[in-house]
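Remarks on the overall topology
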Amino acid sequence: MTERTLSIIKPDATQRNITGDINSMIEAAGFAIIAQKMLKLTFEQAKKFYEVHSDKPFYEDLCKFLSSAPVIVQVLEKENAILDYRKLMGATNPINAEVGTIRNRFAISVDQNSVHGSDAKETAVSEINFFFSDIELVG
Ligand code: CMP
């Protein structure tokens, strides 16, 4: 079944000029990038996006990092996009990310882990709606 997922290319990646390399991996894996834009989030916007993690000890640092430099937010479409993008990203902590994944190749640490992807159908819908209106989805 064709699905959509939200991807964020995080500040550590935009700051190292590797967004093209990451998009190449995404496209080579069969995803269509059906929406994409660069944003510089405020700390408050990052807090709202990551609200689900607000009880975690790393929440403040996570939001500081996400709002520290521009990010690219994008909507990816393919069959089983949500699970397949999580596989392509690799484990959250790059120490555990398999060879061939984005985080194995590019992530610096569990914080600076280059990409975010939605973790379930409901979160994909709410995360896509957080950043995009229907008119911006061009798939
Ligand atoms: P992401 O997939 O964007 O979702 C939440 C983020 O929190 C995660 O990637 C990590 O970058 C970050 N994070 C920081 N510390 C931790 C931790 N101890 N466990 C899980 N995620 C963490």
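The sections below set out a description of the structure shown in this document. (Residues numbered from 1 in each chain as written. Predicted model: local features only at pLDDT ≥ 70, side-chain atom pairs only at ≥ 80, totals over all residues. Heavy atoms only, no water.)

Our next topic: helix α7 (residues 121-131). Taken together, the buried positions of α7 are Ala124, Glu127, Ile128 and Phe131. Viewed end-on, α7 has its buried residues packed into an arc of 100 degrees, placing them on one side of the element. Close packing links the buried residues of α7 with β1 (2-9), β2 (32-39), α3 (43-49), β3 (71-79), α5 (81-89) and β4 (115-117). (Buried < 20%, exposed > 50% of the residue type's maximum accessible area, 1.4 Å probe, protein only. Helix = DSSP H or I, 4+ residues; strand = E, 2+ residues; numbered from the N terminus. Arc of directions from axis to C-beta. Contact = heavy atoms within 4.5 Å.)

This paragraph deals with the packing of aromatic side chains. For the structure shown, the criterion picks out five aromatic pairs. Note on Phe49 and Tyr50: the rings are 5.1 Å apart at their centroids and 70 degrees apart in plane angle, and the pair reads as edge-to-face. Ring-pair connections join several aromatic residues into one group, and the members of that group are Phe49, Tyr50, Phe130 and Phe131. Directly above the aromatic system of Phe31 lies the positively charged group of Lys78, at a separation of 5.3 Å from the ring centroid. (Phe/Tyr/Trp six-rings, centres within 6.5 Å; stacked < 30°, edge-to-face > 60°. Lys NZ or Arg CZ within 6 Å of the ring centre and 35° of its normal.)

What follows is about the environment of Asn96. Among the secondary structure elements, Asn96 is positioned in the loop between α5 and α6 (102-106). Sequence spacing of Asn96 and Val75 is 21 residues, and the spatial spacing of their C-alpha atoms is 25 Å.

Taking strand neighbours across the sheet as the criterion, the four strands line up as β2-β3-β1-β4 in an open arrangement whose pairing is antiparallel. Sheet topology places β2 and β4 at the edges, where each strand pairs with a single neighbour. On average, adjacent strands in this sheet sit at an angle of 20 degrees to one another, irrespective of strand direction. As defined by bridge partners, β1 adjoins β3 across eight bridges and the pair is classed as antiparallel. Among the inter-strand pairings, Glu3 is bridged to a residue of β3, identified as Lys78. (Pairing = 2+ DSSP bridges. Axes fitted to C-alpha atoms, helices over the stretch in contact; angles between N-to-C directions.)

Moving on, we come to the site of the ligand. Every residue lining the ligand is accounted for by Lys10, Tyr50, His53, Phe58, Leu62, Thr92, Arg103, Val110, Asp111, Asn113 and His116. A distance of 3.4 Å separates an oxygen atom of the ligand from a polar atom in the side chain of Arg103. Mapping the ligand onto the cavity grids shows that it belongs to the largest pocket. (Near = heavy atom within 4 Å. Polar contact = N/O pair within 3.5 Å; in protein donor to acceptor, adjacent residues only side chain to side chain. 1 Å grid on protein atoms, 1.4 Å probe; cavity = no way out; pocket = protein on both sides within 12 Å on 5 of 7 lines; lining within 4 Å. Sits in = over half its atoms within 2 Å of the grid points.)

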